[in-house]
Amino acid sequence: MTAKIIDGVAIAKVVKEECRNRVEILKSKGTTPGLAVVIVGEDPASKVYVRNKIHACEEVGIHSAIHEFPGTASQQEIITCVRGLNQDPAIHGILVQLPLPAGIESRRVLEGIAAEKDVDGFHLRNVGALTVGEPALPPCTPAGIVRMLEHEKIAIWGQNAVIVGASNIVGKPAALMLLQRGATVSLCNSKTQNLAQYTIMADILVVATGRPGIITGPMVKKGATVIDVGINRLSNGKLVGDVDFEGARNRATYITPVPGGVGPMTVACLVSNTVQAAERAAGI
Ligand code: GUN
């Protein structure tokens, strides 16, 4: 068996096209959606991600503004910036790129964002809404994963979903979103013993650990869907996910590539959340 490769770039294009139409409607009613991105420090990967997000917004007609701070900026300076953006009627979405430099409490900063402008879905109010199944603004990477599954008409209801990696950004919200859609969910973490015993049960296997090669072919159930969230730069310069792609591809039915899988979907869902926040603000 050779898995079908899920084309995240193509599906993201579909999502962005939908957004472009919604932006046109908003503009015709006098609202231009606006996204503000706050970035602190010099992390090169974060800079690339932020550039991609700004570019995607421009593609669909969203106004974007970037607020850059040096790594030496204080927590209070960043919170003050966020509070100002909360009050700005031209800004409908606020994103603080993570990770923040050591010494800054991310939670404090994220709680400073007005929940209705929290297009990352990280504010406790949005996390709470997700937990009880009433997501206002869902976190972008899990939303992108669900959208990919839906696009490919991959069943979620009644399936075994195994998630490897229990982060607040990906693993935990992905578990909640799949649970909400009727999957039986196992959420594994870095302490999980005998990981293969879980992964081999997975009809849907989501891997988000930042550890290249953590999932090998024999750990994948025959016929599974494998969603690889990892983005790792090897010492030879090659970009790879967390999954041994060739090994997994020989057992899975569907698999996402790295690059070109989950990454573009995360960006497309950020665009979608920003449009949604603008629609709410405009009363649409
Ligand atoms: N850093 C890595 N992924 C993300 C994300 O989805 N949102 C933000 N704000 N920072 C990130």
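The rules we used
- Sequence positions are assigned chain by chain, starting from 1 and proceeding in written order.
- Reporting of local features is limited, given that this is a predicted model, to residues whose pLDDT is at least 70; pairs of side-chain atoms are given and counted only at 80 or more, and all residues count toward the totals for whole chains, interfaces and linings.
- Heavy atoms from the whole structure form the basis of all side-chain values; hydrogens and water molecules are not counted.
- For this analysis, a salt bridge means a side-chain nitrogen from Lys or Arg found within 4 Å of a carboxyl oxygen belonging to Asp or Glu.
- By definition, any uninterrupted DSSP run of H or I lasting at least four residues is a helix, any uninterrupted run of E lasting at least two residues is a strand, and each is numbered from the N terminus.
- Here's how the labels work: a residue is buried when its accessible area is under 20% of the maximum for its type, exposed when over 50%, partly exposed in between, all with a 1.4 Å probe on protein chains only.
- Fitted lines through C-alpha atoms serve as axes, helices being fitted only where they are in contact, and the angles separating the N-to-C directions of these axes extend from 0 to 180 degrees.
- Convention used here: angles under 35 degrees read as roughly parallel, angles over 145 as roughly antiparallel, angles from 65 to 115 as roughly perpendicular, and any remaining angle as oblique.
- Contact between two residues is taken to exist if any of their heavy atoms lie within 4.5 Å; hydrogens are not considered.
- Working definition: residue near molecule or strand if any one of its non-hydrogen atoms lies within 4 Å of it.
- Under the rule applied, a polar contact is a pair of N or O atoms within 3.5 Å (in protein, one hydrogen donor and one hydrogen acceptor; residues adjacent in sequence only if both atoms are side-chain atoms).
- In short, Shrake-Rupley with a 1.4 Å probe defines the accessible areas, and a residue's cover is counted only from the protein chains shown.
- Under the convention adopted here, Pro, Cys and the residues Ala, Val, Leu, Ile, Met, Phe, Trp and Tyr are nonpolar, Asp, Glu, Lys and Arg are charged, and Gly plus all remaining residues are polar.
- Multiply 1.5 Å by the residue count of a helix minus one, and that product is the helix's expected span.
- Read the arc as the range of directions from the helix axis to the C-beta atoms.
- Here a strand pair is declared whenever DSSP counts at least two bridges between the two strands.
- Handedness of a crossing follows from how the near helix is turned relative to the far one, being left-handed for an anticlockwise turn of less than a right angle and right-handed for a clockwise one.

## Brief notes about the pattern of salt bridges
Within this structure, the stated rule accounts for ten salt bridges. Its salt-bridge partner being glutamate 59, residue lysine 16 comes within 3.0 Å of it at the nearest N-O pair. Of this pair, lysine 16 sits in helix α1 (residues 8-28) while glutamate 59 sits in helix α2 (residues 44-60); the two residues are 43 residues apart in sequence, bridging distant segments of the chain. Residue glutamate 59 is classed as partly exposed on the basis of its relative accessible area, which comes to 34%. One salt bridge in this structure joins glutamate 279 and arginine 22, with 2.9 Å as the shortest N-O distance. Linking glutamate 279 in helix α10 (residues 262-281) with arginine 22 in helix α1, this pair joins segments that are 257 residues apart in sequence. On the accessibility criterion, arginine 22 (23% relative accessible area) is partly exposed.

## Observations regarding the packing of α1 against α2
Closest axis-to-axis distance for the α1/α2 pair is 8 Å, and the angle between their directions is 55°. The angle between α1 and α2 falls in the class oblique. Residues Lys16, Cys19, Arg20 and Val23 of α1 pack against Ala56, Glu59 and Val60 of α2.

## Some words on the site of the ligand
In the vicinity of the ligand, the residues found are Lys53, Leu95, Val96, Gln97, Leu98, Asp120 and Phe122. Between the ligand and valine 96 there is a distance of 2.8 Å, counted from a nitrogen atom to a backbone nitrogen or oxygen. Protein chains shield 83% of the accessible area of the ligand, which is 280 Å² for the free molecule. Split by residue class, the shell around the ligand holds four nonpolar, one polar and two charged.

## Considerations on the environment of valine 23
Topologically, valine 23 is positioned in helix α1. Once the C-alpha coordinates of valine 23 and threonine 256 are considered, the two residues, 233 residues apart in sequence, prove to be 29 Å apart.

## Comments concerning α2
Over its 17 residues, α2 runs 25 Å from end to end, which matches the ideal 24 Å to within 8%, given 1.5 Å per residue. When α2 is considered as a whole, its buried residues turn out to be Ser46, Val50, Lys53, Ile54, Ala56, Cys57 and Val60. Here the buried residues of α2 occupy an arc of 160° about the axis, which is enough to place them on one side. Every exposed residue of α2 that faces more than 90 degrees away from the buried side is listed here: Pro44, Arg51 and Glu58. On the buried face of α2, the contacting elements are α1, β2 (34-40), β3 (63-69), β4 (93-96) and α10.

## Considerations on the sheet that holds β2
Strands pair in a sheet through their backbones, by hydrogen bonds, and they do so in one of two ways: parallel or antiparallel. Spatial ordering of the open sheet is given by β3-β2-β4, a layout of three strands whose pairing is parallel. The open sheet is flanked by β3 and β4, the only strands paired with a single partner. Recorded for the sheet is a direction-independent mean angle of 15° between the axes of neighbouring strands. Pairing of β2 with β3, which is carried by seven bridges, proceeds in the parallel orientation. In the sheet register, valine 40 faces β3, and the bridge partner there is phenylalanine 69.

## Some thoughts on the packing of α1 against α10
Between α1 and α10, whose axes approach to 9 Å, the crossing angle comes to 15°. With respect to each other, α1 and α10 are oriented roughly parallel. In terms of crossing hand, the pair formed by α1 and α10 is left-handed. Packed against α1, whose contacting residues are Gly8, Val9, Ile11, Ala12, Val15, Lys16, Cys19, Arg22, Val23 and Leu26, the element α10 presents Pro264, Met265, Ala268, Val271, Ser272, Val275, Gln276, Ala278 and Glu279 at the interface. Each residue belonging to the contact of α1 with α10 can be placed in one class, and the counts come to 13 nonpolar, three polar and three charged.

## Quick word on the sheet that holds strand β6 (residues 184-188)
Strand order across the open sheet formed by six strands is β1-β11-β8-β7-β5-β6, with parallel pairing between neighbours. For this open sheet the edge positions go to β1 (4-5) and β6, each flanked by a neighbour on one side alone. Across four bridges, the pairing between strand β7 (residues 204-207) and strand β8 (residues 225-228) is parallel. Residue pairing across strands places valine 207 opposite aspartate 228, the latter belonging to β8. With respect to the sheet, helix α7 (residues 171-180) is in contact with β5 (160-164), β6 and β7, its orientation differing from that of β6 by roughly 170°.

## Looking at the side chain of threonine 256
Note that threonine 256 resides in the loop between β11 (254-255) and α10. Separated by 2.8 Å, the side chain of threonine 256 and the backbone nitrogen of aspartate 228 make a polar contact. Ignoring anything within four residues of it in the chain, the contact list for threonine 256 reads Ile6, Met148, Val226, Ile227, Asp228, Phe245, Gly261 and Val262.

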